[in-house]
There are 4 protein chains.
Amino acid sequence: MTVVPGVATADSVAIRGASCPERSVVRGRPPVLPPPAAHGDYRDTQAIPNGGNTIMTMTTTSTAPMLETHPAPIGIDRAQLAATIDTIVMCSQACTMCADACLSEEMVGPLKTCITRDLDCADICATTARVLSRHTGFDIAIARSQLEACVIACMSCGAECAMHADMHEHCRVCAEACSRCERACRELLATLR
Amino acid sequence: MTVVPGVATADSVAIRGASCPERSVVRGRPPVLPPPAAHGDYRDTQAIPNGGNTIMTMTTTSTAPMLETHPAPIGIDRAQLAATIDTIVMCSQACTMCADACLSEEMVGPLKTCITRDLDCADICATTARVLSRHTGFDIAIARSQLEACVIACMSCGAECAMHADMHEHCRVCAEACSRCERACRELLATLR
Amino acid sequence: MTVVPGVATADSVAIRGASCPERSVVRGRPPVLPPPAAHGDYRDTQAIPNGGNTIMTMTTTSTAPMLETHPAPIGIDRAQLAATIDTIVMCSQACTMCADACLSEEMVGPLKTCITRDLDCADICATTARVLSRHTGFDIAIARSQLEACVIACMSCGAECAMHADMHEHCRVCAEACSRCERACRELLATLR
Amino acid sequence: MTVVPGVATADSVAIRGASCPERSVVRGRPPVLPPPAAHGDYRDTQAIPNGGNTIMTMTTTSTAPMLETHPAPIGIDRAQLAATIDTIVMCSQACTMCADACLSEEMVGPLKTCITRDLDCADICATTARVLSRHTGFDIAIARSQLEACVIACMSCGAECAMHADMHEHCRVCAEACSRCERACRELLATLR
């Protein structure tokens, strides 16, 4: 059993893989936040098992409620859009951290390209999320071209990170984030015409 | 019972308030992701009840795993740091969307200041999250001053949004995000010396 | 004769149009910075006449010297690249300011789309400039797709601003910045294969 | 005589130091742009001698005209504000390029801290310039705290770059940009109360 140090609390224990006994019990039920603590209720990030080798964590997001209450007509499925934006935002964050983690490795030489890809992908994802968040006079041509740039950046960054995934866990996690983001952008692109 | 349209799936139903029967059953257990769907597994955002008036949603984040695997020594509790970064990132996203939602309202006049605060807070939060994500030669003076700017931006933006919370749900949600972010930044600041 | 208030100094007077007597004298000579003042030598921005209706100003940039001294091979003409990056950076800045100036106008209603285009174009330009600034493992596919998104954003934003150019001088200036940026990106794209 | 390759044209020759014969002739006259070329008029960047060891270049900016035409009351000298914003924007750009140039050096080890400072300073400057560009409901507390963070980032980044200035010309140029930016921010801060 592997626990993410520091994330585990009385209400939230992160467990790796299939050894989690509660797993079958709550499978298929909605994830439920423990009641907010009396203080420290900003700790919105929670570790969760995902049945595999990776510890997944989740964080509170307002993207879906914000889109739900947006007064403008939005010609895209709002739930898919909210999920896509969050995935892109979190990919940007993963790339920023992977660049820094690579830079901290003892042997930076083989990671130079990875750092550059991470920095490019972080900026491109951040901008793409913002473009997708604005619907007052939404311009589908801008959204499409920026999404296409995002797909290309995620492909390139994900491929580079994957080459170092065996050596560096942060590259493996970042490659996963890029892959999720690439797919989310492609699926959204398919609905934008 | 209020369901966030489109977010609800067979595995994840968002329910407002106390009417959720599973709530007591799983209280105290770790939140568990439903098994990934055969396709569309990028839909990482999930609606969750929080026992109050607000539908909360969560999204997958790699921030905690990325920090866990960072090779540099980090003189801050990594779990708190990861949670704080995610809270700041999501506040930035909420502010970007609130600015756009305000701009889409019929009466923009009373929301002009709110839009400006949202845009400032979005940029300041985005930069603060990045500064906190870099630990290769971490400079505590930079981190502290940027965190202080973030606290002030969140206070100002949150107060402005709160003034429109009764009229505009997006302002209410954004005010909450700013408030969470402000507290998270203050608590992190208290540990940075 | 129209002078940009505050920018004019004993060493640098901004004059509109053909009435500048020094113009023929120094035509063809390199522009020369006045000797730095004893203090306040940070005032790197200078107003210059451009023979037409617009007061142009210039600011000190390090982009060309930075690219000149970059140790990596760069398969693009460095002077063109530096000029393009600066044009993109300054377009981003113009768009940020146009969005805010539009928001300050008494009648915001007709400017809502313009504000959104400005915000999108500001973010896209900022990211494009950063991508073009990184040459450690330069990925031409990323650069091309981000440049294409930049061209589309500048076209769209420039066209929207041009519709308000008669009413709002800031929209006219921003439309010019977008037009210059669009052309610079197109010319750079033509050299990237 | 050192010419910046590619930037020099018939109308604009960059010459290092005191060997420029035209210097005394045009000293004290306003810098004048050569007439726009028939095509390629996007090449807004020009190399200029500054009487010392550094080739300075200038680029067209719309910041001053944009601020001049801003409809809101702005309680700051608009010319100083415009010059400060441009200096901050260009410092951000220099830092982005210095981070990449450092990463391209053969020996990255001693430059790790410099890269991190550059990335932080680039983000902080970019955000500071945006905050200073928004005057629809300007919040002086936000502006002041973000300017203070910018001063600290520029001090820290400039000091780190200065340590590598003898070895790496890009670090020397970036240190100068940070120093100019720090002073500009301090002078603006002194006027903001």
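Residues numbered from 1 in each chain as written. Chains lettered and ligands numbered in written order. Predicted model: local features only at pLDDT ≥ 70, side-chain atom pairs only at ≥ 80, totals over all residues. Heavy atoms only, no water.

1. Things to note about the overall build of chain A
This is how the line gets drawn: Strands are runs of DSSP state E lasting at least two residues, helices are runs of H or I lasting at least four, and both sets are numbered from the N terminus onward. Whether a residue is buried, partly exposed or exposed follows from its accessible area with a 1.4 Å probe, protein chains only, as a fraction of its type maximum: under 20%, in between, or over 50%, in that order. Working rule for contacts: check all heavy atoms of both residues, and any pair within 4.5 Å makes them a contact. Only the protein chains shown count as cover for residues, and the accessible areas themselves come from Shrake-Rupley with a 1.4 Å probe.
Secondary structure summary: chain A contains six helices and two strands in total. Along the chain direction, N to C, the helices and strands of chain A fall in the order α-β-β-α-α-α-α-α. Every one of the 193 residues in chain A was classed for burial, and the buried ones make up 65%. Nonlocal contacts in chain A, meaning residues at least 24 apart in sequence, comprise 63% of its contacts between residues at least 6 apart. Of the accessible surface of chain A, which amounts to about 6,500 Å², a share of 55% is contributed by carbon and sulfur atoms.

2. As for empty space enclosed by the protein
The following threshold applies: Think of a 1 Å grid over just the protein atoms. A cavity is a set of points where a 1.4 Å probe fits yet cannot get out, a pocket is an open set with protein on both sides within 12 Å along at least five of seven lines, and lining residues have an atom within 4 Å of a point. Grid points are joined across faces, edges and corners, and a volume is the space filled by probe spheres set on the points. Polarity classes work like this: nonpolar for Ala, Val, Leu, Ile, Met, Phe, Trp, Tyr, Cys and Pro, charged for Asp, Glu, Lys and Arg, and polar for all others, with Gly in that last group.
Tallying each qualifying case throughout the model produces 17 cavities of 30 Å³ or more. Counted as a void, the largest cavity has a volume near 780 Å³. Lining of the largest cavity is provided by 37 residues; of these, Arg-130 of chain A, Arg-130 of chain B, Ala-126 and Arg-130 of chain C together with Arg-130 of chain D occupy positions nearest its centre. Contributing elements (two or more residues each) for the lining of the largest cavity: helix 3 (78-104) and helix 4 (112-133) of chain A, helix 3 (78-104) and helix 4 (112-133) of chain B, helix 3 (78-104) and helix 4 (112-133) of chain C together with helix 3 (78-104) and helix 4 (112-133) of chain D. Top element by residues in the lining of the largest cavity is helix 4 of chain C. It accounts for six residues. Classifying every residue of the lining of the largest cavity by side-chain character gives 13 nonpolar, 16 polar and eight charged.

3. Here we look at the side chain of His-135 of chain D
Selection rule: Polar contact is defined as a pair of N or O atoms within 3.5 Å, subject to the rule that within protein one atom must be able to donate a hydrogen and the other to accept it, and that residues adjacent in sequence are counted only when both atoms are side-chain atoms.
Residue placement: His-135 of chain D occurs in the loop between helix 4 and helix 5 (140-163). At 2.6 Å, the side chain of His-135 of chain D and the backbone oxygen of Leu-132 of chain D are in polar contact. What His-135 of chain D contacts, discounting residues up to four positions off in sequence, is Asp-100 and Ser-104 of chain C together with Leu-67, His-70, Ala-72, Ile-74, Ile-76 and Leu-81 of chain D.

4. Overview of the environment of Ala-149 of chain D
In this fold, Ala-149 of chain D is placed in helix 5. Judged by its relative accessible area of 0%, Ala-149 of chain D falls in the buried class. Every residue in contact with Ala-149 of chain D, bar those within four places of it in the chain, is listed here: Ser-145 and Gln-146 of chain B together with Ile-124 of chain D.

5. Details of the relation of the copies chain B and chain C
Short version of the rule: All copies are superposed by least squares; the fitting set is the C-alpha atoms of residues with a pLDDT of at least 70 in both.
For the pair chain B and chain C, the superposition axis carries a translation of 0.0 Å, the fit reaches an RMSD of 0.0 Å, and the rotation angle comes to 180°. Within this description, the copies of the chain are treated as partners about a two-fold rotation axis. In terms of C-alpha distance to the rotation axis, chain B has Val-108 of chain B as its closest residue, with the C-alpha 3.5 Å off the axis. A symmetric contact is evident, with 100% of the interface residues of chain B recurring at the interface of chain C.

6. Concerning the packing of helix 5 (residues 140-163) of chain C against helix 6 (residues 169-191) of chain C
The angle between the axes and the distance between the axes are what describe a pair of packed helices. All names here are of chain C. Counted only if it meets this: All axes here are fitted lines through C-alpha atoms, helices being fitted over the stretch that makes contact, and every angle between N-to-C directions spans 0 to 180 degrees. For classification, angles of less than 35 degrees are called roughly parallel, those exceeding 145 degrees roughly antiparallel, those between 65 and 115 degrees roughly perpendicular, and all remaining angles oblique. Handedness of a crossing is defined here by the sense of rotation of the near helix relative to the far one, left-handed for an anticlockwise turn of less than a right angle and right-handed for a clockwise turn.
It is the contact of helix 5 with helix 6, at a shortest axis distance of 8 Å, that shows an interaxial angle of 155°. The orientation of helix 5 with respect to helix 6, classified from their angle, is roughly antiparallel. Pair helix 5 / helix 6 crosses with left-handed handedness. Residues Arg-144, Leu-147, Glu-148, Cys-150, Val-151, Cys-154, Met-155, Cys-157, Gly-158, Cys-161 and Ala-162 of helix 5 pack against Cys-171, Cys-174, Ala-175, Cys-178, Cys-181, Glu-182, Cys-185, Arg-186, Leu-188 and Leu-189 of helix 6. In the contact of helix 5 with helix 6, the residues fall into 16 nonpolar, one polar and four charged.

7. Re the interface of chain B and chain C
Cut-off, in case you're wondering: Buried area, as used here, totals the accessible surface that two parts lose on assembly, with accessibility defined by a 1.4 Å probe and the loss added over both. Take a side-chain nitrogen of Lys or Arg and a carboxyl oxygen of Asp or Glu: if they are within 4 Å of each other, that pair is a salt bridge.
Taken together, the 11 residues of chain B in the interface contact 11 residues of chain C. Of all residues in chain B, Leu-103, Lys-112 and Leu-119 of chain B give up the largest surface area on contact with chain C, accounting jointly for 61% of the area buried on that side. Our enumeration of links across chain B and chain C arrives at zero salt bridges. Taken together, the links from chain B to chain C amount to four residue pairs in polar contact (both at pLDDT 80 or more). Sorting the residues of the side of chain B that touches chain C by element identifies helix 3 and helix 4 of chain B as the ones contributing at least two each. Ranked by residue count, the leading element in the side of chain B that touches chain C is helix 4 of chain B, at five residues. For the side of chain B that touches chain C, a count of residues per class yields four nonpolar, two polar and five charged.

8. Focus: helix 4 of chain A
Here is the rule we go by: A helix is expected to span 1.5 Å multiplied by its residue count minus one.
For helix 4 of chain A, which comprises 22 residues, the first-to-last C-alpha distance of 32 Å matches the rise-based estimate of 32 Å (1.5 Å per residue) to within 8%. The buried count for helix 4 of chain A comes to 20 of 22 residues, which makes it a mostly enclosed element.

9. Comments concerning the state of the cysteines
The condition that has to hold: A pair of sulfur atoms, both from cysteines and within 2.5 Å, is called a disulfide here.
Taken as a whole and assessed by the stated rule, the structure comprises zero disulfides over all chains. Of all cysteine sulfurs, the one in Cys-125 of chain D lies closest to Cys-150 of chain D, which takes part in no disulfide; the gap is 3.8 Å.

10. Some points on helix 3 of chain C
Residues and elements named next belong to chain C. With 27 residues, helix 3 should reach 39 Å at 1.5 Å per residue; the first-to-last C-alpha distance of 39 Å fits that figure. Counting buried residues in helix 3 gives 27 out of 27 residues, a clear majority hidden from the surface. Near the N-terminus of helix 3, the side chain that reaches the backbone nitrogen of Ala-79, with its oxygen 3.3 Å away, is that of Asp-77.

11. Let's talk about the side chain of Thr-61 of chain A
Residue and element names in this part refer to chain A. Relative to the helices and strands, Thr-61 resides in strand 2 (residues 55-61). Given the relative accessible area of 2%, Thr-61 is considered buried. At 2.9 Å, the side chain of Thr-61 and the side chain of Thr-63 are in polar contact.

12. Comments concerning the confidence of the model for chain A
Which entries qualify depends on this criterion: Residue-level confidence of the predictor is what pLDDT reports, using numbers from 0 through 100.
Residues at a pLDDT of 70 or more form 71% of chain A, whose mean pLDDT is 79. Across the interfaces of the predicted complex, the ipTM metric reaches 0.79, alongside a pTM of 0.81.

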